Amino acid sequence: MDFDLPADLLAYLAELDAFIEAEIKPLEAADDNIRFFDHRREWARTDFDNGGLPRKEWEALLAEARRRADRAGHYRFAMPREYGGKDGSNLWMAVIREHLAAKGLGLHNDLQNEHSIVGNNPFILMFRDFGTPAQQAEFIEGMLRGEKRITFGLTEPNHGSDATHMETRAVPEVRDGIAGFRIDGEKMWTTGMHVATHCALFARTSGQDGDAAGITCFLVPANAPGVKIEEYLWTFNMPTDHPRVSFTNVWVPESAIFGPLGGGLALAQHFVHENRIRQAASSLGAASYCIEESVKYARARKPFGKPLAENQAIQFPLVELATQCEMLRLLIRKTAWEMDRMSKPEVEKKLSDKVSMCNYWANRLVCEAADRAMQVHGGIGYSRHKPFEHIYRHHRRYRITEGSEEIQMRKVAAWLFGYLGPRRAQFRAELRQAAE
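Residues numbered from 1 in each chain as written. Predicted model: local features only at pLDDT ≥ 70, side-chain atom pairs only at ≥ 80, totals over all residues. Heavy atoms only, no water.

**Things to note about the overall build of the protein chain**
Scanning the protein chain from terminus to terminus reveals 15 helices and twelve strands. Against the globule reference of 22 Å for 436 residues, the protein chain gives a C-alpha radius of gyration of 23 Å, in line with a compact fold. Projecting the C-alpha coordinates of the protein chain onto the three principal axes gives extents of approximately 80 × 70 × 40 Å. Taking all 436 residues of the protein chain together, 49% fall into the buried category. Entry remark: accessible area of the protein chain is about 20800 Å², with carbon and sulfur atoms responsible for 54%. Here the protein chain contributes 56 positively and 59 negatively charged side chains, and the mean placements of these two sets differ by 2 Å. (Helix = DSSP H or I, 4+ residues; strand = E, 2+ residues; numbered from the N terminus. Rg over C-alpha atoms; globule rule 2.2 N^0.38 Å. Buried < 20%, exposed > 50% of the residue type's maximum accessible area, 1.4 Å probe, protein only. Areas by Shrake-Rupley, 256 points an atom, 1.4 Å probe, with all protein chains shown as cover. Lys, Arg positive; Asp, Glu negative; His and termini not counted. Charge placed at Lys NZ, Arg CZ, Asp CG, Glu CD.)

**Things to note about the pairing of strand S6 (residues 169-175)**
Inspection of the sheet shows S6 paired to strand S7 (residues 178-187) by seven bridges, in the antiparallel sense. When the sheet's bridge partners are listed, valine 174 is paired in S7 with alanine 179. Count of turn residues in the S6/S7 antiparallel hairpin: two residues, of which aspartate 176 carries a positive phi of about 55°. (Pairing = 2+ DSSP bridges.)

**Details of unusual backbone geometry**
The amide bond that connects methionine 238 to the next residue, proline 239, takes the cis arrangement and shows omega of 5°. The topology assignment puts proline 239 in the loop between strand S10 (227-232) and strand S11 (243-253). A positive phi angle is found at aspartate 32, which is not glycine, with a value near 60°. Positive phi, close to 55°, is recorded for tryptophan 189, a residue that is not glycine. Topologically, tryptophan 189 is positioned in the loop between S7 and strand S8 (198-204). Accessibility expressed as a relative area gives 41% for tryptophan 189, which makes it partly exposed.

**As for the environment of phenylalanine 36**
Within the fold, phenylalanine 36 resides in the loop between helix H1 (7-29) and helix H2 (41-45). When the C-alpha positions of phenylalanine 36 and leucine 107 are compared, they lie 8.7 Å apart, and in sequence the two are 71 residues distant. Beyond its immediate chain neighbours, meaning those up to four positions away, phenylalanine 36 contacts Arg41, Ala44, Arg45, Glu57, Trp58 and Leu61. (Contact = heavy atoms within 4.5 Å.)

**Quick word on the nonpolar core**
Here is a general trend for soluble globular proteins: nonpolar side chains tend to be buried in one another's company. With 87 residues, the main nonpolar core has Ile96, Leu107, Ile117, Val118, Phe127, Phe202 and Ile332 as its most contacted residues. In this structure valine 118 touches Leu16, His74, Tyr75, Phe77, Met93, Ile96, Arg97 and Leu100, once residues within four positions along its chain are discounted. Of all hydrophobic cores here, the second largest spans 19 residues; its members include Ala196, Cys199, Val227 and Ile257. (Core = buried A, V, L, I, M, F, W, Y, C linked by side-chain atoms within 4.5 Å.)

**Describing the packing of H1 against helix H3 (residues 56-71)**
Where H1 meets H3, the closest approach of the two axes is 10 Å, and the angle between their N-to-C directions is 160°. If you check the angle between H1 and H3, you find them roughly antiparallel. When you trace H1 past H3, the crossing you get is right-handed. Contact residues: H1 offers Phe19, Glu23, Ile24 and Leu27, while H3 offers Leu61, Glu64, Ala65, Arg68 and Ala69. (Axes fitted to C-alpha atoms, helices over the stretch in contact; angles between N-to-C directions. Parallel < 35°, antiparallel > 145°, perpendicular 65-115°, else oblique. Left-handed = near helix turned anticlockwise from the far one by under 90°.)

**Some words on the packing of helix H9 (residues 312-339) against helix H11 (residues 352-377)**
Between H9 and H11, the shortest axis-to-axis distance is 10 Å and the interhelical angle comes to 155°. Our classification of the angle between H9 and H11 gives roughly antiparallel. For the pair H9 and H11, the crossing hand works out as left-handed. Of H11, the residues touching H9 (which contributes Ile314, Pro317, Leu318, Leu321, Gln324, Cys325, Leu328, Leu331, Ile332, Thr335 and Met339) are Lys354, Val355, Met357, Cys358, Trp361, Ala362, Leu365, Glu368, Ala369, Arg372 and Val376.

**Quick word on the environment of valine 195**
Inspection of the secondary structure puts valine 195 in the loop between S7 and S8. Separated by 170 residues in sequence, valine 195 and lysine 25 place their C-alpha atoms 27 Å apart. When near neighbours in sequence (up to four residues on either side) are disregarded, valine 195 contacts Glu59 and Arg149.

**Points about the pattern of salt bridges**
Where charged atoms from two side chains of opposite charge come close, those side chains can pair. All chains considered together, the criterion is met by 38 salt bridges. A salt bridge links glutamate 186 to arginine 244, with the nearest nitrogen and oxygen atoms 2.6 Å apart. With glutamate 186 in strand S7 and arginine 244 in strand S11, the pair connects residues that are 58 residues apart, well separated along the chain. For glutamate 326, the salt bridge is made with arginine 329, and the minimal N-O distance between the two is 3.1 Å. With glutamate 326 and arginine 329 both in helix H9 and three residues apart, the pair spans about one turn of that helix. According to the relative accessible area criterion, arginine 329 is buried, its value standing at 15%. (Salt bridge = Lys/Arg side-chain N within 4 Å of Asp/Glu carboxyl O.)

**Concerning a nonpolar patch on the surface**
A surface patch of nonpolar side chains, about 450 Å² in accessible area, is lined by Leu416, Phe417, Tyr419 and Leu420. When you line up the elements, leucine 420 lands in the loop between helix H14 (405-416) and helix H15 (423-435). (Patch = residues over 30% accessible without salt bridge, like charges linked within 9 Å, V, L, I, M, F, W, Y side chains within 5 Å.)

**Observations regarding the side chain of threonine 190**
Relative to the helices and strands, threonine 190 resides in the loop between S7 and S8. Among the residues examined, threonine 190 registers a relative accessible area of 0% and is labelled buried. Excluding its chain neighbours within four sequence positions, the residues that come into contact with threonine 190 are Thr151, Phe152, Gly153, Asp241, Pro243 and Val245.

Coordinates in, geometry out; function isn't part of it.
Right under this line is the structure:
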């Protein structure tokens, strides 16, 4: 067993640090761009008079940072080499995401809208693995150039974690002599719809409510007749780009089918493990930042004539958080390393519970660390002059999205008690033996 990080990975982290100092920090400091990260951040980022949408200046700054990262060869790191990437592994991505988040708020990595100089775009691999040649030609390079933007239409007002009961329907219909589908329904949290060119919309095409089969994904143009943004849902973490969207008598040709007819849920699950392990690493990095900042402050702050750090009431909660970070770091890196040694189907069958462990615990941990950092810093920690309240509000949503905390724990329980996963056969055999 060797727990040392590879030398070339450490060298790449140093390369990223140098790039941030040379390219990103100067951009962050120019033209008062720091307003997006200091105490003015929510006001600077949010167009309150336009439904709470992100301000155009904010999104333009993020786009410029991504362009610089792309020119430097960092943005596409995790993407396949055939698309200009470096085939970045899950282990490398986990370490990188933790490293960037541990730096705190900044233009280098602000996950409020999944921004990072090292990108994570699951749609690239979805098109590679499920798209037709025509779809690949149109969307992959289009996304990389910023000309195509796709939002995800899965969750509905009445159906969240269980997508198999969705009410959106797509039925075959010929229009102007062209075979296609008419779609009717409504979706929630279709993030990025305000700038999207298409929505990857999931609708039932066959089967009964509750069936995993019979759901199909369609690439629906965002400006298609019948597509309507009903409202932008304001959240704990502003700005918002999460609308409720209705689809009324929307028609698309058969060429809009994305992936297998009736097998759309495979697309929804295609990148779930990679997303969850990387997001867990980001939460771990943010938690580490909160802890380290609290330690620095406790050593410097001297109420009643002595440093806060001398008080066990300050020490012990941070000790517990630091201990959890150390244990979680090992689990995340081990799980990511194992993911790199097996195929996607194998990960689902053999490792899905460990990914869920990493994800739900990291998301809970960062919220506890941010809350503790606010407490240690006192009034200034609660203010917007420190980033802890921002970190808490951002990461709190991950206990709901990407598979809620309860869904993740249910997955772990299914593996633990043998209802799913490798222990299922063992437990069944034991039951048969007991019955005999």
